[in-house]
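Structural characterization, general
Chain residues, written in single-letter form:
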Amino acid sequence: MSGTKRTGRIAGAAAAALVTAGAITYAVADGGDPGTSTPVADSADAGFARDMAVHHQQAVEMSYIVRDRTEDEEVRRLAYDIAQTQANQRGMLLGWLDLWELPKVSADPPMTWMDMGGMASGKDGALMPGMATNAEMDGLREKSGKDAEVTYLRLMYAHHAGGVHMAQGCARKCEVGVERRLAKGMVAGQRSEMDLISGMLKERGSAPPA
């Protein structure tokens, strides 16, 4: 498959995800999920919304960094699609917390809602599984061209792997139906992008992290 076709496929998927995201936001704001009570602060619904908003923010930042560090259109399109999709989803998650009148931060460690509060040490900024450390983010900023592309693709593959794990947790534990559906959509979308990233790394003589 050519690079144009590959990135075109992802762009189409990202556009569809944004349309779906808008519909999900409307459903919640319009009183979707009849019979579902408003989540409490220590619920899986609230925990996922808080944690994934933070997780997504780093993916958005990482994607905009690489767009300034390479002229490769395939990587730039992928980075743009990821940034737009995850920024939109992050807005939804924070919007739900506002709607539920719940805090956007918690004194509990990240992933507590998954009974995995001690899984990530938070060392050097890696607050949750898959997140890049501050040193890795600085390293990406210092690279350019192919080195930046490979670094970004490997970091994003790991980032998506962590995001999929979290979204699967919400799909199992969250009680708000529209949030579960969003989580399931994240799993499908990020797995598709992981497949794409694997191919892009192979073209550049590299491979995803183990």
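Described below are features of the structure shown in this document.

Conventions used here
Residues numbered from 1 in each chain as written. Predicted model: local features only at pLDDT ≥ 70, side-chain atom pairs only at ≥ 80, totals over all residues. Heavy atoms only, no water. Axes fitted to C-alpha atoms, helices over the stretch in contact; angles between N-to-C directions. Helix = DSSP H or I, 4+ residues; strand = E, 2+ residues; numbered from the N terminus. Parallel < 35°, antiparallel > 145°, perpendicular 65-115°, else oblique. Left-handed = near helix turned anticlockwise from the far one by under 90°. Nonpolar A, V, L, I, M, F, W, Y, C, P; charged D, E, K, R; others polar. Expected span 1.5 Å × (residues − 1). Salt bridge = Lys/Arg side-chain N within 4 Å of Asp/Glu carboxyl O. Buried < 20%, exposed > 50% of the residue type's maximum accessible area, 1.4 Å probe, protein only.

Packing of helix α2 (residues 44–67) against helix α3 (residues 73–99) leaves a shortest axis separation of 8 Å and a crossing angle of 155°. Considering their axes alone, α2 and α3 lie roughly antiparallel with respect to each other. Judged by the twist between their axes, the crossing of α2 over α3 is left-handed. Among the residues making up the contact of α2 with α3, the classes are represented as 18 nonpolar, six polar and four charged.

Turning to helix α6 (residues 177–203), a few remarks are in order. Its 27 residues place the ends of α6 40 Å apart at the C-alpha level, agreeing with the 39 Å of an ideal helix rising 1.5 Å per residue. Positive phi appears at G205, one or two residues downstream of α6, with a value of about 75°.

Looking now at the pattern of salt bridges. All told, the structure shown has nine salt bridges when counted by the stated rule. Among the salt bridges present, the one from R204 reaches D72, with a minimum N-O distance of 3.2 Å. Of this pair, R204 sits in the segment after α6 while D72 sits in the loop between α2 and α3, and the two are 132 residues apart along the sequence. Overall, R204 belongs to the buried group, its relative accessible area being 9%. Salt bridges sharing partners connect three or more residues here, namely D72, E74, E149, E203 and R204.

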